[in-house]
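# Notes for the structure review
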Amino acid sequence: MGYFDSFSDFIRMGNHGVFVWSVYGITVFTILGHWLGLRLQKRRLVTEMQRLKKRGQL
Amino acid sequence: MAFSMTPVWRWFHRWTSPPNFYRIARPWALGLMLVGGVALLVAWIWGLVFAPEDYLQGNSYRIIFVHVPSASASLAMYLSMAILAVISLVWKIKLADMVLRQCIPVGLTLTALALISGAIWGRPTWGVYWIWDARLTSMLVQLFLFIGMWAIHTAIEQQKLADKATAILVLVGFVNLPIIKWSVDWWNTMHQPATIRITGETTMVWEMLAPLLLSMAATYCVVAALVLYRTRWEILYRERKTRWVQDELGLRGQA
Amino acid sequence: MMFLLRREWLLSWRRRSELINPLVFNLMVVALFPLGITPDPDELAVLAPGILWVAALLATLLSLDLMFRYDHQDGSLEQVATSGTPLAALILAKILNHWLFTGLALTLMSPLLGLMLNLPISLMPLTLLVLALGTLVFSTIGAIGAALVAGLRRSGLLLSLLVIPLYIPVLILGTGSINAALAGVSFVAPLSALAALACMALALAPWVAAAALQLSIND
């Protein structure tokens, strides 16, 4: 596949696999983290405001 | 000021009003995220699967498709933040403060990502994770500056005060950045480290350059989308007491 | 301006016991390095410029917090701001005063500490000059940081976070010029760069600090 001879070659990346894949993993993780964090914050705001609403403080 | 009466100004003011921006930012954020996400995926597959191996560094160079985009985007982020800080301090546009506030976490992440990917890249290339190279060091200082902005904004409770203090800090840091960079460069040449330059005279072949440029463009799109998403959140949060936000969150229908 | 300087001087003099603390701190930090790294005089001589600078930097950080604290608490900042005296002038007076009581004091201490670290005596004049210049920049840039956090109750650590990155060029140029002299090369370049930095900081920082201080006064 592509430049590499086999899939296992692709994963190994000539003994540099650990470095390459950890970098890409961290990157995906941070993008997802931003997205999830934002969703969580928004949900928290909505529940908090609903709570205030019920108590008539809004 | 006479300028404030012109139609252009009035239009600008209406355009930057939080409810309006909240509305128009949504399709932009969505579009940029889609385009950027797909382009990033293509660039990564291109770079990871199809681009040839570097004859000096082997496959470890494939980290470049994360490292260079995040480093360049973090610098671009700092520049835009300085512009936003000027807009905030001179024209007192509320929206600029909100965008600026949400640029901080994104810029912090980008700088950290550039540093971490660089460190991981350093291990197979230089044999060590970290060297006090001029680039790494000034990037580290940039990380400190981002942390400082974040810290002062969270420390000051009064919103307006926090915004202005952060804007001043951004500008001070921005003026300092070239001085820091220059001094670190000078310091580094004095130490003369025995390292391989990453960006040497070796010109990149097209098969490597093309996915790199694509990954950079894609990263810029994703970053812009993230800032827009975050700004929408900031607008919601700051205007949570207003009627339109409560309508938006579907809180007014139920009683 | 002379009046402002005199006022600052008197106020500081009244709190002189508090101003000793950074100096003692400086001495203690310097003492930590040989204990932590090596007591070997030859190795210490190489490390000495760096140790002196880091200790002076930390000691300055410790003292910055007080720059506007009392004036902010008792409302005299507001009085000055409304009396028509330009805030920048007051800040310049505070910077110079802070340098006199902290920076200059730290500088005068440095030959003694240098001796303890086996720094060659022939380098003492240069060390004095460079430290005097560098601590002046420390006080000047520090004023911006202190002004930004003036309204906060607990600000010591935050202040350090803000100011340390801005101090890095001073640290580099300061240690750089002593190290250059130690290695027997010309130290003119870093020294003049440091002087340029001091001029620039002195010209700009009072205005920026005034803008920052205005924020916390207005509210």
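Position numbers for residues count from 1 along each chain, tracking the sequence in the order it is written. Working convention: letters from A go to chains and numbers from 1 go to ligands, in the order in which they are written. Reporting of local features is limited, given that this is a predicted model, to residues whose pLDDT is at least 70; pairs of side-chain atoms are given and counted only at 80 or more, and all residues count toward the totals for whole chains, interfaces and linings.

### Concerning the overall build of chain B
Let me state the cut-off plainly: Here a helix means four or more residues in a row that DSSP labels H or I, a strand means two or more in a row labelled E, and each is numbered from the N terminus. Three classes are used. A residue is buried when 20 or more other C-beta atoms lie within 10 Å of its own, exposed when 12 or fewer do, and partly exposed in between, with C-beta atoms placed from the backbone. A pair of residues counts as a contact when their C-beta atoms, built from backbone coordinates, are within 7 Å of each other.
For chain B, the count of helices and strands is eight helices and zero strands. Element order for chain B, N to C, with α for helix and β for strand: α-α-α-α-α-α-α-α. Dimensions of chain B, computed from the C-alpha atoms along their principal axes, are close to 65 × 40 × 40 Å. For chain B, the residues scored as buried account for 42% of the 255 residues in total. Looking at chain B alone, contacts between residues at least 24 apart form 79% of all its contacts between residues at least 6 apart.

### Notes on the overall build of chain C
Just so we agree on the cut-off: Between the two quantities, the radius of gyration covers C-alpha atoms and the globule rule is 2.2 Å times the number of residues to the power 0.38.
A count of helices and strands for chain C gives nine helices and zero strands. The N-to-C order of helical and strand elements in chain C reads α-α-α-α-α-α-α-α-α. Relative to the compact-globule value of 17 Å for 219 residues, chain C shows a C-alpha radius of gyration of 18 Å, a close match. Judged by the C-alpha coordinates and their principal axes, chain C covers about 55 × 35 × 30 Å. Counting only residues that meet the buried cut, chain C has 48% of its 219 residues in that class. Of the contacts formed within chain C by residues at least 6 apart in sequence, a portion of 79% connects residues at least 24 apart.

### So, the confidence of the model for chain C
Residues and elements named next belong to chain C. What counts, and what does not: pLDDT is defined as a per-residue confidence score from the predictor, taking values between 0 and 100.
Within chain C, residue pLDDT values average 87, and 100% of them lie at 70 or more. Helix α5 (residues 76-83) is the least confidently modelled element of chain C, averaging 77 in pLDDT, while helix α7 (residues 124-148) averages 93, the highest of any element. This prediction of the complex comes with two scores: 0.88 for pTM and 0.86 for ipTM.

### Observations concerning the interface of chain C and chain B
For clarity, the cut-off: Lys, Arg, Asp and Glu make up the charged group, whereas Ala, Val, Leu, Ile, Met, Phe, Trp, Tyr, Cys and Pro make up the nonpolar group; the residues left over, Gly among them, are polar.
In this assembly, 21 residues from chain C lie in contact with 23 residues from chain B. Of all the secondary-structure elements, those providing two or more residues to the side of chain C that touches chain B are α7, α8 (156-183) and α9 (188-218) of chain C. Broken down by element, the side of chain C that touches chain B gets its largest block of residues, 11 residues, from α8(C). Residues of the side of chain C that touches chain B, tallied by class, amount to 17 nonpolar, three polar and one charged.

### Focus: unusual backbone geometry
The residue B:Lys92 is not glycine, and still its phi comes out positive at about 50°. Mapped onto the fold, B:Lys92 is located in the loop between α3 (64-90) and α4 (94-126). B:Lys92 gets classed as exposed once you count the C-beta atoms within 10 Å, which come to 12. Despite not being glycine, C:Asn118 shows a phi value in the positive range, around 65°. Tracing the backbone through its elements, the reader meets C:Asn118 in the loop between α6 (87-116) and α7.

### So, the interface of chain B and chain A
For an interface, size is often stated in terms of accessible area lost upon the parts coming together. Each partner contributes to the interface: chain B provides 29 residues, whereas chain A provides 25 residues. Here the side of chain B that touches chain A takes eight residues from α4(B), the largest share from any one element. Across the side of chain B that touches chain A, the residue classes break down as 19 nonpolar, five polar and five charged.

### Considering the arrangement of the chains
Of all two pairs of chains sharing an interface, the pair with the highest contact count is chains A and B. Separated without contact, chain A and chain C have their nearest C-alpha atoms at a distance of 24 Å.

### Regarding the packing of α3(B) against α4(B)
Residue and element names in this part refer to chain B. The following threshold applies: Here, axes are lines fitted to C-alpha atoms. For helices the fit covers the stretch in contact, and angles between N-to-C directions go from 0 to 180 degrees. Angle categories: roughly parallel below 35 degrees, roughly antiparallel above 145, roughly perpendicular from 65 to 115, and oblique for all the rest. Should the near helix be turned anticlockwise from the far one by less than a right angle, the crossing is termed left-handed; should it be turned clockwise, right-handed.
Their axes nearest at 8 Å, the elements α3 and α4 cross at an angle of 155°. Between α3 and α4, the angle is such that the two are roughly antiparallel. At the point where α3 passes α4, the crossing takes the left-handed sense.

### Concerning α3(B)
Heads up, the condition is: What a helix should span is 1.5 Å times the count of its residues minus one.
With 27 residues, α3(B) extends 39 Å from end C-alpha to end C-alpha; this agrees with the ideal 39 Å at 1.5 Å per step. Count one or two residues on from α3(B) and you reach B:Lys92, which has phi positive near 50°.

### Quick notes on the nonpolar core
We apply this condition: Residues enter a nonpolar core if they are buried, belong to Ala, Val, Leu, Ile, Met, Phe, Trp, Tyr or Cys, and are joined to the set through C-beta atoms within 7 Å.
Grouped together as the largest cluster of nonpolar side chains are 139 residues, with contacts concentrated most on B:Ile152, C:Ile144, C:Ala147, C:Leu148, C:Ala209, C:Ala212 and C:Leu213. Sorting elements by how many residues they give to this core places α4(B) first, with 14 residues. In this structure, C:Leu213 is in contact with C:Phe68, C:Leu77, C:Leu87, C:Ile91, C:Ala147 and C:Ala150, ignoring residues within four places of it in sequence.

### Notes on the confidence of the model for chain B
Detailed reading of the predicted coordinates is not advisable wherever pLDDT is low. Confidence along chain B averages 85 in pLDDT terms, with 91% of residues attaining 70 or more. Per-element averaging of pLDDT across chain B places helix α1 (residues 7-15) of chain B at the bottom with 82 and α3(B) at the top with 92.

### Thoughts on the environment of C:Thr135
Its place among the elements puts C:Thr135 in helix α7. Beyond its immediate chain neighbours, meaning those up to four positions away, C:Thr135 contacts C:Ala56, C:Thr60, C:Trp99, C:Gly103, C:Leu106 and C:Thr107.

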